[in-house]
Amino acid sequence: MSTATVLAQQPLHDLDEWDDFLEGRYKEGKTEEEFRVYDATATPGVAEFYRQNHENMTVDYVLAKEKEYFSLSKGQKTIWEAAEFLNTLVDDSDPDTDLTQIEHLLQTSEAMRRDGQPRWMILTGFIHDLGKCLCLYGEPQWGVVGDTFPVGCAWSKDIVFPEYFAKNPDRNVPEYQTKYGIYSPNCGIENVHMSFGHDGYIAEVMKPYLRDESLYMLRFHSFYPWHKHGAYDHLCNDKDRSMLEWVLKFNQYDLYSKGHTKPNMAELKPYYDDLFAEFLPPTLAW
Ligand SMILES: [Fe+2]
Ligand SMILES: [Fe+2]
């Protein structure tokens with residue numbers, strides 16, 4: 001396969017490349033203007049990834065994926081089994097990160113624990129990216145990670161690389177191109193079809209068990225146009241606005257808790273066994 005073909009099929013070296021891009025984009029102290037200076041030539045893989053995402057993320061695609069995955073028919077797994085499963089997504093392209101997916105999750109949750117955050121939030125930190133296992137079910141990178149946004153209404157200019165929506169077929173559906181599209185004013189973002197990815201999937205898995213604050217963190221953690229840029233307020237209701245502070249609190253840890261120290265798994269396991277047992281049944285439907 002030529003390099004161009006590989007780039008077209010899997011434009012990111014691994015899913016973490018998107019997380020690293022976000023971290024750079026939202027580096028503390030960066031102004032709104034600097035944020036806009038991301039350049040496709042500096043990060044060709046990321047740009048290609050967003051091109052695929054923005055061109056393919058249609059209402060029809062989202063509805064089909066929701067039907068396929070939100071029925072949770074991929075079997076029963078414990079949290080540790082789900083984390084081990086995600087761990088099989090190995091990253092062999094980056095010689096200087098030798099952290100596994102579980103270790104990345106633990107870094108997020110352990111940073112919350114050090115700050116004395118509530119136990120339900122520490123749990124949320126640990127599980128928030130377990131939905132990336134969608135990749136292992138064969139979903140393309142562009143359908144698993146990336147900033148999320150509502151489909152079925154006009155795209156905000158605050159979505160990164162908005163120019164790539166030019167070739168999205170929904171552009172030709174007049175109903176989807178108005179401010180409210182298929183929604184009504186202030187309908188609440190829980191009632192909106194978000195672009196499909198790991199966020200929505202993990203929120204569905206956890207919906208029966210966790211509180212709203214936690215479910216908002218899960219479902220909307222990649223909805224940067226909303227939580228970082230204030231877009232789509234016209235679809236928000238009072239509940240969304242009151243949950244926003246928790247999503248923002250969560251985002252600090254998601255973006256900035258990556259480090260190179262390996263968490264000590266054996267030492268931490270009993271704490272997490274208790275934490276999972278406090279909020280969740282032994283196995284969950286995925
Ligand atoms: Fe995530
Ligand atoms: Fe994350």
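The coordinates are above.
Residues numbered from 1 in each chain as written. Chains lettered and ligands numbered in written order. Predicted model: local features only at pLDDT ≥ 70, side-chain atom pairs only at ≥ 80, totals over all residues. Heavy atoms only, no water.

A count of helices and strands for the chain gives 13 helices and two strands. Classification of the 286 residues of the chain by burial places 54% in the buried group. Partitioning the intrachain contacts of the chain with sequence separation of at least 6 by distance along the chain shows that 81% fall at a separation of at least 24. Within the structure as shown, the chain displays about 12700 Å² of accessible surface, and the carbon and sulfur contribution to it stands at 52%. (Helix = DSSP H or I, 4+ residues; strand = E, 2+ residues; numbered from the N terminus. Buried < 20%, exposed > 50% of the residue type's maximum accessible area, 1.4 Å probe, protein only. Contact = heavy atoms within 4.5 Å. Areas by Shrake-Rupley, 256 points an atom, 1.4 Å probe, with all protein chains shown as cover.)

The next subject is the coordination of the iron ion (ligand 2). Looking at the iron ion (ligand 2), one finds its protein donor set to be H128 (NE2), D129 (OD) and D254 (OD), positioned 2.2 Å from the metal centre. For the iron ion (ligand 2), the single-chain donor residues occur in sequence as H-D-x124-D. Taken as an interatomic distance, the gap from the iron ion (ligand 2) to the iron ion (ligand 1) is 3.5 Å; D129 donates to each of them. Placement of the pair is H128 in the loop between helix 8 (119-127) and helix 9 (198-206) and D254 in helix 12 (residues 238-256), with a sequence separation of 126 residues. With relative accessibility at 9%, the residue D254 sits in the buried group. (Donors = N, O, S within 2.8 Å, 3.2 Å for Na, K, Ca; no water.)

Our focus in this paragraph is the pattern of salt bridges. Pairs can form between side chains of opposite charge whenever their charged atoms are close. For the coordinates displayed, the defined rule picks out 17 salt bridges. Here D273 makes a salt bridge to K269, at a shortest N to O gap of 3.1 Å. On the criterion of helical spacing, the pair formed by D273 and K269 is a turn pair, its members being four residues apart in helix 13 (residues 265-279). With relative accessibility at 30%, the residue D273 sits in the partly exposed group. Through salt bridges with shared partners, a single ionic network connects D19, D129 and K132. (Salt bridge = Lys/Arg side-chain N within 4 Å of Asp/Glu carboxyl O.)

In this model, helix 7 (residues 101-114) (14 residues) spans 20 Å end to end at C-alpha, consistent with the 20 Å of a helix rising 1.5 Å per residue. Of all 14 residues in helix 7, twelve are buried; the element is thus mostly enclosed. Within the span of helix 7, buried status applies to Q101, I102, E103, H104, L105, L106, Q107, T108, S109, E110, A111 and M112. Tucked into the core, helix 7 has its buried residues touching helix 2 (16-25), helix 6 (79-87), helix 8, helix 12 and helix 13. One or two residues past the end of helix 7 sits G116, with phi positive at roughly 70°. (Expected span 1.5 Å × (residues − 1).)

Counted under the stated rule, the structure contains zero disulfides. Sulfur of C135: no disulfide; nearest cysteine sulfur belongs to C133 and is 9.0 Å away. The class of C135 is buried, set by a relative accessible area of 19%. With no disulfide of its own, C236 has C187 as its nearest cysteine by sulfur position, at a separation of 8.6 Å. (Disulfide = S-S within 2.5 Å.)

It is worth spelling out the packing of helix 6 against helix 7 at this point. The contact between helix 6 and helix 7 brings their axes to 7 Å, and the two run at 125°. As judged from the angle between their axes, helix 6 and helix 7 are oblique. For the pair formed by helix 6 and helix 7, the contact residues are A83, E84, L86 and N87 on the first element and Q101, I102 and L105 on the second. Taken together, the residues that form the contact of helix 6 with helix 7 break down as four nonpolar, two polar and one charged. (Axes fitted to C-alpha atoms, helices over the stretch in contact; angles between N-to-C directions. Parallel < 35°, antiparallel > 145°, perpendicular 65-115°, else oblique. Nonpolar A, V, L, I, M, F, W, Y, C, P; charged D, E, K, R; others polar.)

The next point concerns the coordination of the iron ion (ligand 1). Coordination angles at a metal have ideal targets, namely 109.5 degrees for four tetrahedral donors and 90 or 180 degrees for six octahedral donors. Bound to the iron ion (ligand 1) are the protein donor atoms D129 (OD), H198 (NE2) and H221 (NE2), situated 2.0 to 2.1 Å from the metal. In primary-sequence terms, the residues that donate to the iron ion (ligand 1) follow D-x68-H-x22-H.

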